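What the coordinates show
One-letter residues, chain by chain:
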Amino acid sequence: MLIDRMPHFILFVFSVLLSVTASAKVAPHNLHASILQYHHVSRHTPAVTSVSPEQFSEHMQYIAEHHTVLPLPELVKRLKKGEVLPENAVAITFDDGFQNILENAHPILTRHGFNYTVFINPALIGKEPQQLTWDEVRQMQREGVWFANHTDDHAHLLDRKGMSEAQWLAALKNALEQAEETLQQQLGYSLKYLAYPYGEYNSAIQALLREMGYIGFAQQSGAAAPYSDFTALPRYPSAGIYANLNTLKVKLSSLAMPVLSEPINPELHYHHRTPRWTTRIDLTDIRPAQLSCYFKGQPLAPEWVTADSFELHITTPLKPGRSRVNCTAPSKRSPGRYYWHSQPFFVATQDGKWLD
Ligand SMILES: [Zn+2]
């Protein structure tokens, strides 16, 4: 269908013309939201995926004072419809279903009255000492917590395991449906949300999710808006080096970059690891000269190839694993708020292994 191939931003403009013309007073920035991603809330777990209970409490206190927390299903529904959101809307998510979410995060979230969502591996629940049990999951469900699919086994989705592309995609579809079926049986609902293990996906997986009616959640940074790609909604990792509240504040109030071009395939072949790509953005609220891009903390100069398109080129081959290029630009209309876009890349090792 033609509509499937239209850039998300154009579709969004159409839907806004149809649905929100009613109010000229609506600030377009009320259509943006940030989704936070946590794993462990503990002092005794791997630093890179953990925040301490004190840090987490500090994040939540800041959110209580400056933001409005929406349940993820409500946020997604409203984003998809292009509905106006509360000012500074945010959703809170956890991946992996660890016990310490219930022990350390749940009391803090409950105290603030914050709804949240946990992406779990249904086949691992109650099977490993660090994992929540189904009884605990149901107890949390009764207290308003949402649960969604993070695959049964947390394997790398891009690992073909020797299968053909068609076999691999068919196996993926089966595995997803099986995990979702367990969620349905245990919880009585199925959101059809998938958080990609390790944040890894490619264009074929995105097409599969679209066909299956799933929403995909990624791990690259950026805000979400009605024109976002709903097969790879960005989330801000908020643990480890990203737990710093001062940088998190900027992310919490960020805006989704209005990208007009089609997304590129984030999976790169080992022998093609120096990507060069072009991104077209709507410049209504952005000054091209203020667009900054970064790779591994270093500036990566955007080269403007047309009035609204810029090219980026990584000249040193990407290391196997996960990489991200972030681009930000201040909003002309809202001082202090930044448009944010992150392009992830995923590369297997030369012998086809995917790194944890
Ligand atoms: Zn995970």
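Residues numbered from 1 in each chain as written. Predicted model: local features only at pLDDT ≥ 70, side-chain atom pairs only at ≥ 80, totals over all residues.

**Re the overall build of the protein**
To keep things clear, this is the line we draw: Strands here are runs of E lasting at least two residues and helices are runs of H or I lasting at least four, both read from the DSSP assignment and numbered beginning at the N terminus. Two things to know: the radius of gyration comes from C-alpha atoms, and the globule rule equals 2.2 Å times the number of residues to the power 0.38. Buried residues are those with 20 or more other C-beta atoms within 10 Å of their own C-beta, exposed residues have 12 or fewer, and partly exposed residues lie in between; C-beta atoms are placed from the backbone. Residues are scored as being in contact if the C-beta atoms we place from backbone atoms lie within 7 Å.
The helix and strand inventory of the protein stands at nine helices and 19 strands. In terms of C-alpha radius of gyration, the protein reaches 20 Å, essentially the compact-globule figure of 21 Å for 356 residues. Here the C-alpha coordinates of the protein stretch approximately 55 × 50 × 40 Å along the principal axes. Counting over 356 residues, the protein shows a buried share of 40%. Long-range contacts, defined as pairs at least 24 residues apart, comprise 70% of the intrachain contacts of the protein with a sequence gap of at least 6.

**Brief notes about the domain arrangement of the protein**
Counted only if it meets this: For the purposes of this description, domain bounds are those given by an automatic or database domain assignment. Gly falls in the polar group here, along with every residue not listed as nonpolar (Ala, Val, Leu, Ile, Met, Phe, Trp, Tyr, Cys, Pro) or charged (Asp, Glu, Lys, Arg).
Once the domains are mapped, the protein shows domain 1 (2–254) and domain 2 (267–347). One C-alpha centre belongs to domain 1, the other to domain 2; they are set 23 Å apart. Facing the 16 residues of domain 1 at the interface are 13 residues of domain 2. Grouping the constituent residues of the side of domain 1 that touches domain 2 by class yields seven nonpolar, eight polar and one charged.

**Some details on helix α9 (residues 245–252)**
Keep this limit in mind: The directions from the helix axis to the C-beta atoms are what the arc is built from.
Residues of α9 that are buried: L248, K251 and L252. The buried residues of α9 occupy an angular sector of 95° when the element is viewed end-on, so they sit on one face. Turning to α9, the residues buried within the fold contact β1 (33–38), α3 (53–66), β5 (89–95) and β10 (236–237).

**Digging into the pairing of strand β6 (residues 117–120)**
This is how it is decided: Two strands are counted as paired when DSSP detects at least two bridges linking them. Crossover handedness is defined here as right-handed if the route from the first strand over the helix to the second strand goes clockwise, with the strands pointing away from the viewer.
Judged by which residues are buried, β6 turns out to be covered on both faces: T117 and F119 on one side and V118 and I120 on the other are all buried. The pairing of β5 with β6 spans three bridges and is classified as parallel. The residue bridging T93 from the neighbouring strand is T117, located in β6. What joins β5 to β6 is helix α5 (residues 99–112), and the crossover it makes is right-handed. Crossover handedness for the path β6 to helix α6 (residues 134–142) to strand β7 (residues 146–149): right-handed.

**Things to note about the environment of P122**
Position of P122 relative to the elements: it lies in the loop between β6 and α6. Between the C-alpha atoms of P122 and H271, which are 149 residues apart in sequence, the distance is 36 Å. Here P122 is in contact with D152, A179, T182 and L183, once residues within four sequence places are set aside.

**Re the nonpolar core**
To be explicit about the condition: Put simply, a nonpolar core is a cluster of buried Ala, Val, Leu, Ile, Met, Phe, Trp, Tyr and Cys residues tied together by C-beta atoms within 7 Å.
If you look at the biggest cluster of nonpolar residues, it comprises 88 residues, and the most contacted ones within it are A33, V90 and A91. When residues of this core are assigned to domains, at least three fall in each of domain 1 (2–254) and domain 2 (267–347).

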